[in-house]
Amino acid sequence: MGELYRVAIHYNNDCGYIEYDLETKSVKVMLADAVTRKTVEAFLHSKQLLREALTLREFQDKIALPTENLALLKSSLTMLWQQTGVFVDWSRPVTVR
């Protein structure tokens with residue numbers, strides 16, 4: 001297993017996290033609600049239209065798979081709530097036991 005990036009997520013009272021393996025470029029969604037988990041997984045495994053910042057005022061549209069690299073994953077996560085209703089808790093630490 002490679003280096004892992006984890007970010008906390010929640011849907012209603014269901015708290016979980018997304019885990020991304022930087023080496024294998026695989027992603028796991030940890031939520032108790034199976035329907036919501038599958039919705040997030042489907043979002044992360046489908047190509048998304050992302051706006052890449054070139055400068056403060058200039059953007060370039062890019063269609064990419066969120067799991068291609070960490071930067072694209074983070075960019076895609078900014079749209080997760082709009083697309084799935086799942087909130088990303090950027091500041092909440094993820095502790096895995």
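Refer to the structure above for everything that follows.
Definitions and limits used
- Residues numbered from 1 in each chain as written.
- Predicted model: local features only at pLDDT ≥ 70, side-chain atom pairs only at ≥ 80, totals over all residues.
- Heavy atoms only, no water.
- Salt bridge = Lys/Arg side-chain N within 4 Å of Asp/Glu carboxyl O.
- Helix = DSSP H or I, 4+ residues; strand = E, 2+ residues; numbered from the N terminus.
- Buried < 20%, exposed > 50% of the residue type's maximum accessible area, 1.4 Å probe, protein only.
- Arc of directions from axis to C-beta.
- Polar contact = N/O pair within 3.5 Å; in protein donor to acceptor, adjacent residues only side chain to side chain.
- Core = buried A, V, L, I, M, F, W, Y, C linked by side-chain atoms within 4.5 Å.
- Contact = heavy atoms within 4.5 Å.
- Pairing = 2+ DSSP bridges.
- Axes fitted to C-alpha atoms, helices over the stretch in contact; angles between N-to-C directions.

Draft legend 1. Examining the pattern of salt bridges more closely. Following the criterion strictly, the structure yields three salt bridges and no others. The closest approach of N and O atoms between R51 and D61, which form a salt bridge, is 3.0 Å. Here D61 lies in strand 5 (residues 59–64) and R51 lies in strand 4 (residues 48–53), a separation of ten residues in the sequence. You can call R51 exposed: its relative accessible area is 54%.

Draft legend 2. Geometry of helix 2 (residues 70–77). Residues of helix 2 that are buried include every one of L72, L73, S76 and L77, and no others. Summarising the axial view, the buried residues of helix 2 lie within an arc of 135°, below the 170-degree limit, and thus occupy one face. Of the residues that open helix 2, the one with a side-chain oxygen 3.1 Å from the backbone nitrogen of A71 is N69.

Draft legend 3. Representation of the nonpolar core within the structure. Core analysis: the biggest nonpolar cluster contains 20 residues, and I9, I18, V29, V40, L44, L77 and L80 have the highest contact counts within it. Breaking this core down by element, the ones donating at least two residues are strand 1 (4–11), strand 2 (14–21), strand 3 (26–30), helix 1 (34–44) and helix 2. Apart from the residues lying within four places of it in its own chain, the contact partners of V40 are I18, V29, L80, T84 and V86.

Draft legend 4. View of the sheet that holds strand 6 (residues 87–89). Strand order in the open sheet formed by four strands is 3-2-1-6, and the pairing between neighbours is antiparallel. The open sheet has two free edges, formed respectively by strand 3 and strand 6, since each of these has just one partner strand. Adjacent strand axes in the sheet meet at a mean angle of 30° when their direction is disregarded. Inspection of the sheet shows strand 2 paired to strand 3 by five bridges, in the antiparallel sense. Looking at strand 3, one finds that Y17 is bridged to M30. Contacts between helix 1 and the sheet are confined to strand 1, strand 2 and strand 3, with strand 3 contributing the most and set at about 155° to the helix. Most of the contacts of helix 2 go to strand 1, to which it runs at about 10°, and overall it touches strand 1, strand 2 and strand 6.

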